[in-house]
Amino acid sequence: RDVAVTGFRRVLFRSDFTAVGNAIRFGLNAIKDVGGDAIAKIVAVRKEKGDFTSLNDFYQKVGMGVCNAKTMKSLIECGAFDSVEKNRAALLEQYPLIVAAYKEREKKSKKQMPGQTLLFPKMVKVTAVDVALPNVAPFDRLQELASEKALIGVYVSGHPLENYRGVVGAFTNVDLSVFVPSNKE
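Given the structure is predicted, the values throughout are model-derived calculations rather than measurements. Per chain, residue numbering runs from 1 following the sequence as it is written. Selection of residues for local features in this predicted model requires a pLDDT of at least 70, selection of side-chain atom pairs for listing and counting requires 80 or more, and totals for whole chains, interfaces and linings are taken over all residues. No hydrogens and no water enter the side-chain calculation; it runs on all heavy atoms of the structure.

Q: Describe the side chain of Ser 74, and please don't skip the residues or the numbers.
A: Mapped onto the elements, Ser 74 comes out in helix H3 (residues 69-77). If we ignore the near neighbours within four places in the chain, the residues touching Ser 74 are Ile 31, Lys 32, Asp 33, Val 34 and Leu 151. Under the scheme used here, helices are H or I runs from DSSP no shorter than 4 residues and strands are E runs no shorter than 2 residues, and both carry numbers assigned from the N terminus. What makes two residues a contact is simply this: any of their non-hydrogen atoms within 4.5 Å.

Below, the structure written as structure tokens:
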């Protein structure tokens, strides 16, 4: 029998697990290497400024310094950005390019104001950069699933044996649901 609980393939930018109908929406706190401060900031920004439409948009809204490289790698590899781009390999290539573009823009803006210091430097808004998504072959399905299992502890978007359902079914004659106690007794 098929399990009725499935994972959402939408953005995981909520802090907690949420049951929606017969599905479970995984929260950021389930992802390895994503800290509480980053989670709080991401969730607050998403609530205030809306859903993220791209990795560029995420970086523009959340800002520099909230997510380190390890956090971003975990978010991308577990599928947190799948609703904006399904090619996780391309996102992993794009992220450092976005960081470099923002750092370069910041450096140029500092050069334009020689000898001046800002009273409130954190209030200066760095204008958006638009870094194109690199043309990179996507990870194979098993690699994506292995990343989900490593970072979340479960397979969210599928299972490594899903392609073998018919083969496994041909060699089994027991339905595990017969071993689960029923509440009908």
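Alright, that's what it looks like, and here's the rest.
Q: Can you break down the pattern of salt bridges residue by residue, with the values?
A: What makes a salt bridge here is a side-chain nitrogen of Lys or Arg within 4 Å of a carboxyl oxygen of Asp or Glu, nothing more. Summed over the entire model, instances satisfying the criterion amount to seven salt bridges. For Glu 148, the salt bridge identified is with Arg 88, shortest N-O distance 3.0 Å. Of the two residues, Glu 148 sits in helix H5 (residues 141-152) while Arg 88 sits in helix H4 (residues 88-111), which places them 60 residues apart along the sequence. In this structure, the salt-bridge partner of Glu 144 is Arg 141, at a minimum N-O distance of 3.3 Å.

Q: Run through a nonpolar patch on the surface, naming residues and quoting values.
A: On the surface, a nonpolar cluster with roughly 550 Å² of combined accessible area is contributed by Leu 161, Tyr 164, Val 167, Val 168 and Phe 171. Inspection of the secondary structure assignment puts Phe 171 in the segment after helix H6 (165-170). The exposed category is assigned to Phe 171, whose relative accessible area is 73%. Residues forming no salt bridge and having over 30% relative accessible area are the ones grouped into patches, like charges within 9 Å of each other and nonpolar side chains (Val, Leu, Ile, Met, Phe, Trp, Tyr) within 5 Å. Each accessible area is a Shrake-Rupley estimate made with a 1.4 Å probe; only the visible protein chains count as cover when residues are assessed. When accessible area is computed with a 1.4 Å probe and restricted to protein chains, residues below 20% of their type maximum are described as buried, those above 50% as exposed, and intermediate ones as partly exposed.

Q: Go over H4, please, and point to the residues and values.
A: In an α-helix, one full turn covers 3.6 residues, which means residues spaced three or four apart are oriented alike. Expected span, for any helix, means 1.5 Å times one less than how many residues it has. Taking 1.5 Å per residue, 24 residues should reach 34 Å; H4 reaches 35 Å between its end C-alpha atoms and fits that length. Buried residues of H4: Arg 88, Ala 89, Ala 90, Leu 91, Gln 94, Tyr 95, Ile 98, Val 99 and Tyr 102, and no others. Here the buried face of H4 lies against helix H2 (55-62), H3 and H5.

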